[in-house]
Amino acid sequence: MATPVQEVLPPSLDSTSQPPSLFDGTTRLYINYMCPYAQRVWIIRNVKGLQDKIKLVPIDLQNRPTWYKEKVYAENKVPSLEHNNKVIGESLDLIKYVDSNFEGPSLLPDDPEKQKFAEELIAYSDTFVKEVYGSLKKDAQILAGAQFDYLEKALAKFDDGPFFLGQFSQVDIAYAPFIERFQIFLQEVFNYDITSARPKLAKWIEEVNKIDGYKQTKVLDPKRLVEYYKNRFMA
């Protein structure tokens, strides 16, 4: 893993902020500090040691600047990456793009069997997220529990390390921001411990939390997260 760089995080840009000097050759990753989709790309940037190559530009999504939609990314959401005079979006695509187009350790193994499983798990991540969010208004323990059982089983496939493909990879990055949030929320609101009777998931969480590039991206205010999720998914 790349040597950790303890970054001073820039303040979020809002509707009163001027745009950066766009398309000037600087590579910029537009994120929001609370957004799990943006966090995926932020993690891979850090783990590959690209802090000096990819500049973070945080956007305030509650009060977003008009220039972001008009001049940067018409979809008006994060993450997006400004690179080589174009802007691309979608977090899962960006994980692959950053891994392929920038220096630093590759986060996909050469083993064809692991690559095939990686594709399967990355594709499934959308279902995982949707099912767990959907469970919050219903029977969270049973419905969300089935999703965490799926992960526990997936973590048993390769035994050469604690991560989904054994070693830390794109797959872990796809899931980490959501597992982080679901663990906080389900414990706080439903008193439900996602690691109970899931030793591999418990170990995975423990090991992910040791990765410097991930640690720097974690939710800073769990209380705010819980309130936000209550209002958004349970109201």
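Data block above holds the structure.
Residues numbered from 1 in each chain as written. Predicted model: local features only at pLDDT ≥ 70, side-chain atom pairs only at ≥ 80, totals over all residues. Heavy atoms only, no water.

(A) Structural detail: the side chain of Asn32. Tracing the sequence through the fold places Asn32 in the loop between strand 1 (28–31) and helix 1 (36–47). Polar side-chain contacts of Asn32 include one of 2.8 Å to the backbone nitrogen of Met34. Those residues in contact with Asn32 that lie beyond four places of it in its chain are Ala38, Ile59, Asp60, Leu61 and Val78. (Helix = DSSP H or I, 4+ residues; strand = E, 2+ residues; numbered from the N terminus. Polar contact = N/O pair within 3.5 Å; in protein donor to acceptor, adjacent residues only side chain to side chain. Contact = heavy atoms within 4.5 Å.)

(B) Summary view of the sheet that holds strand 4 (residues 86–89). Taken in spatial order, the 4 strands line up as 2-1-3-4 in an open sheet, and their pairing is mixed. Where the open sheet ends on each side, the last strands, each with one partner, are strand 2 (55–58) and strand 4. Adjacent strand axes in the sheet meet at a mean angle of 25° when their direction is disregarded. Sheet topology note: the strand 1/strand 2 ladder contains 4 bridges and is parallel. Looking across to strand 2, one finds that Tyr30 is bridged to Val57. Set on the sheet, helix 1 makes contact with strand 1 and strand 2; between it and strand 1 the angle comes to about 145°. (Pairing = 2+ DSSP bridges. Axes fitted to C-alpha atoms, helices over the stretch in contact; angles between N-to-C directions.)

(C) How the structure looks around the packing of helix 5 (residues 140–154) against helix 6 (residues 170–190). In contact at an axis separation of 13 Å, helix 5 and helix 6 are set at 145° when each is read in the N-to-C sense. Handedness of the helix 5/helix 6 crossing: left-handed. Contact with helix 5, carried on its side by Ala140, Gln141, Ala144, Phe148 and Leu151, involves Tyr175, Ile179, Phe182, Leu186 and Phe190 of helix 6 and no other residues of that element. For the contact of helix 5 with helix 6, the residue count by class is 9 nonpolar, 1 polar and no charged. (Left-handed = near helix turned anticlockwise from the far one by under 90°. Nonpolar A, V, L, I, M, F, W, Y, C, P; charged D, E, K, R; others polar.)

(D) Fine view of helix 1. Given a rise of 1.5 Å per residue, 12 residues ought to cover 16 Å, and the 16 Å separating the end C-alpha atoms of helix 1 matches this to within 8%. Here helix 1 lies mainly inside the structure; 11 of its 12 residues are buried. Within the span of helix 1, buried status applies to Pro36, Ala38, Gln39, Arg40, Val41, Trp42, Ile43, Ile44, Arg45, Asn46 and Val47. With its phi angle positive at about 75°, Gly49 sits one or two positions after the end of helix 1. (Expected span 1.5 Å × (residues − 1). Buried < 20%, exposed > 50% of the residue type's maximum accessible area, 1.4 Å probe, protein only.)

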